[in-house]
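Observations on the model geometry
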Amino acid sequence: MTVINEEIGRIRSELSKGEEIPNYAQLRAAQQALVWIQDPTVYKSPYNMIMGIQGDSGDCLAPPHQPRS
């Protein structure tokens, strides 16, 4: 899982720059897939996230902490 954790870290670092970065949506989807594969009981599946399917309150990844304008 170390490789997965490193990739999640790289993606989180890029996402922390904000939604104006290229490929933001794709990076969010990749991040969701990686964290979900580590613990599918805690995180929303990538399919459900992309399709906007609701789940339990514990079934989603909090978005990166960013100020919204």
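Only a predicted model underlies this, so the values are computations on that prediction, with no experimental measurement involved. (Residues numbered from 1 in each chain as written. Predicted model: local features only at pLDDT ≥ 70, side-chain atom pairs only at ≥ 80, totals over all residues. Heavy atoms only, no water.)

**Topic: the confidence of the model for the chain**
Here the chain averages 82 in pLDDT, and 77% of its residues register 70 or above. Model confidence for the chain, summarised as mean pLDDT per element, is weakest for helix H3 (residues 46-51) at 87 and strongest for helix H1 (residues 2-15) at 95. Scored below 50 in pLDDT, residues 65-69 shows 5 contacts in the model against residues more than four places distant or in partner chains. (pLDDT = per-residue confidence, 0-100. Helix = DSSP H or I, 4+ residues; strand = E, 2+ residues; numbered from the N terminus. Contact = heavy atoms within 4.5 Å.)

**Considerations on the nonpolar core**
Residues Ile-8, Ile-11, Leu-15, Ile-21, Tyr-24, Leu-34 and Val-35 constitute the largest nonpolar core, which totals 7 residues. Elements with a contribution of two residues or more to this core: H1 and helix H2 (24-38). In this structure, Ile-11 is in contact with Leu-27, Ala-30, Gln-31 and Leu-34, ignoring residues within four places of it in sequence. (Core = buried A, V, L, I, M, F, W, Y, C linked by side-chain atoms within 4.5 Å. Buried < 20%, exposed > 50% of the residue type's maximum accessible area, 1.4 Å probe, protein only.)

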